Amino acid sequence: MLFGLSEWFWNERLWFPEGLGWANLEDRDGVIYSKAADLWVTLPIALAFLIIRQVFERTVAIPLAATMGVKEKVRVHVAHDPVLESYFKITSKNPKQGEIESLGKKTGYSERRIHRWFRRRRNQERPNQLKKFREASWRFTFYLLAFIAGLAALVDKPWFYKMEEMWAGFPMLPLLPSQYWYYMIELGFYMSLLFSVASDVKRKDFKEQIVHHVATILLISFSWVVNYIRAGTLIMLVHDASDYLLESAKMFNYAGWRKACNYIFIVFAVSFIITRLVIFPFWIIHTTWVYPVTVYRPFFGYYFFNGLLFVLLCLHIFWAVLILRMAIKFLPGNNIVEDERSDREETESDDEEDDETPVKNGAVQNGHSPLNNNHHRKNE
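Read on for a plain summary of the structure. This is a predicted model, so every value here is computed, not measured.

Another aspect to go through is the overall build of the protein chain. Broken down by element type, the protein chain carries twelve helices and zero strands. When the 380 residues of the protein chain are sorted by exposure, 46% land in the buried category. Restricting the contact set of the protein chain to residue pairs at least 6 apart, pairs at least 24 apart contribute 80%. As presented, the protein chain carries roughly 20,400 Å² of accessible surface, and 64% of it is formed by carbon and sulfur atoms.

Below is the structure:
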């Protein structure tokens, strides 16, 4: 069965135009082509990125956070209660009113106290500012270096200026050393992101992020195996062009540098719209969708490759909506930009504070004993 599946997968009629196949990608006369076996190199590269990230966050990101004045919010830790803790971990982190009443009967606590306990317990699990800053600084560093390296590798190539050159001579497109390392490093990085997604800050678009990472890994891997390397390098460059701006805006956001964050976010929003919603669909996808059929008859690989590009385009539109929502919020004034994908910290007002003594048989009222119930709230 596995042999049959492998034979079907590597069937050259799926991935190449009629009359062309894997034999055309055999190295000859000093000309080297991309090979599927090369992708194994990305596994140790991904592992190396995970190690480098840990070292970077400890030796660079943390001192940088201190220099920029990243401050943590003081969080009140809840007293351990086995009943509430068990419900929080097993059943739900946001109990409904009926469940609150049931928990009140089991613990003898007031409804306000149980609400506050769950609110504070949820806040305890939210990532702190330093963790967010460390992640943002790591990604900023990679995306910036990757964009500079990608630009240096492509700026002198003809397909950088004329999109049709992506397919000139396809599939016999010679592999250059710069293309090899650009591919391996980018793919290794995205694989490291997929490996670390469980421990990274989880945002509201968590599922979309997983889809994005998987689609990106499939796209990069597939374009390498079937030698769509010229199109692949352009796609990677377009994506790196704005990502480092977003991560730098996050860094200034977490540090409380309001104006710097807003200005960078404006530049990022413009860059994102231009690269992801203009250049990507109207230049790159247009070329990969329209031009090949003028040279070859459509084949499965042609539809598969463009299908992955359309998945990325849908994600771009989804994120563009979030970006515009954030931009609209701060344009009329000078409010700081907040990441729409983040899970905001829950706050509590002073009048919601309650004494930690449980209510049992009317022994306390409003958090005070009957003999001490005339204390003013500000003296608590």
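Now for the environment of Leu 324. Following the sequence through the fold, Leu 324 ends up in helix α12 (residues 300–330). According to the relative accessible area criterion, Leu 324 is partly exposed, its value standing at 47%. Remark: the alpha-carbon pair of Leu 324 and Ile 273, spanning 51 residues in sequence, is separated by 9.8 Å.

Before going further, it helps to examine a nonpolar patch on the surface. A cluster of nonpolar side chains, Tyr 263, Ile 266, Val 270, Ile 274, Val 278, Phe 282 and Trp 283, forms an exposed patch at the surface whose accessible area comes to about 710 Å². In this structure, Val 278 sits in helix α11 (residues 258–290). Judged by relative accessible area, which is 36%, Val 278 ranks as partly exposed.

Looking now at the packing of aromatic side chains. The full count for this structure, using the stated rule, is 36 aromatic pairs. Note on Phe 142 and Tyr 143: the rings are 5.9 Å apart at their centroids and 70° apart in plane angle, and the pair reads as edge-to-face. The same class applies to Phe 142 as to Tyr 143, namely buried. Judged by centre distance (6.3 Å) and plane angle (70°), the rings of Trp 289 and Tyr 303 are edge-to-face. Of this pair, Trp 289 sits in helix α11 while Tyr 303 sits in helix α12, and the two are 14 residues apart along the sequence. Among the residues examined, Tyr 303 registers a relative accessible area of 46% and is labelled partly exposed. Site record: aromatic cluster; members linked through ring pairs are Trp 15, Trp 167, Phe 170, Phe 222, Tyr 228, Tyr 296, Phe 300, Phe 304 and Phe 305. Here Arg 113 stacks its cationic end above the ring of Tyr 109, 3.8 Å away from the centre of that ring.

Turning our eyes to something else, we now look at the packing of helix α3 (residues 42–68) against helix α8 (residues 177–196). Following both chains from N to C, one finds α3 and α8 inclined at 60°, their axes separated by 8 Å at the closest point. Crossing angle aside, the handedness with which α3 passes α8 is right-handed. Seen from α3, the contacting residues are Thr 42, Leu 43, Ile 45, Ala 46, Phe 49, Leu 50 and Arg 53; seen from α8, they are Met 184, Ile 185, Leu 187, Gly 188, Phe 189, Met 191, Ser 192, Phe 195 and Ser 196. A per-class count over the contact of α3 with α8 returns eleven nonpolar, four polar and one charged.

With the rule as written, the count across this model stands at nine salt bridges. Two residues, Glu 18 and Arg 297, come together in a salt bridge whose shortest N-O distance is 3.5 Å. Taken as a pair, Glu 18 in the loop between α2 (12–15) and α3 and Arg 297 in the loop between α11 and α12 lie far apart in primary sequence, 279 residues in all. Neither residue differs from the other here; Glu 18 and Arg 297 are each classed as exposed. For Glu 57, the salt bridge identified is with Arg 134, shortest N-O distance 3.0 Å. In this pair, Glu 57 sits in helix α3 while Arg 134 sits in helix α7 (residues 129–154), placing the two residues 77 residues apart along the sequence.

Next up on the list: the side chain of His 316. On the secondary structure map, His 316 appears in helix α12. When sequence neighbours within four positions are dropped, the list of residues in contact with His 316 reads His 239, Phe 272, Arg 276, Leu 277 and Phe 280.

The rules we used
- Residues numbered from 1 in each chain as written.
- Predicted model: local features only at pLDDT ≥ 70, side-chain atom pairs only at ≥ 80, totals over all residues.
- Heavy atoms only, no water.
- Helix = DSSP H or I, 4+ residues; strand = E, 2+ residues; numbered from the N terminus.
- Buried < 20%, exposed > 50% of the residue type's maximum accessible area, 1.4 Å probe, protein only.
- Contact = heavy atoms within 4.5 Å.
- Areas by Shrake-Rupley, 256 points an atom, 1.4 Å probe, with all protein chains shown as cover.
- Patch = residues over 30% accessible without salt bridge, like charges linked within 9 Å, V, L, I, M, F, W, Y side chains within 5 Å.
- Salt bridge = Lys/Arg side-chain N within 4 Å of Asp/Glu carboxyl O.
- Phe/Tyr/Trp six-rings, centres within 6.5 Å; stacked < 30°, edge-to-face > 60°.
- Lys NZ or Arg CZ within 6 Å of the ring centre and 35° of its normal.
- Axes fitted to C-alpha atoms, helices over the stretch in contact; angles between N-to-C directions.
- Left-handed = near helix turned anticlockwise from the far one by under 90°.
- Nonpolar A, V, L, I, M, F, W, Y, C, P; charged D, E, K, R; others polar.

Nothing here speaks to function; it is all geometry.
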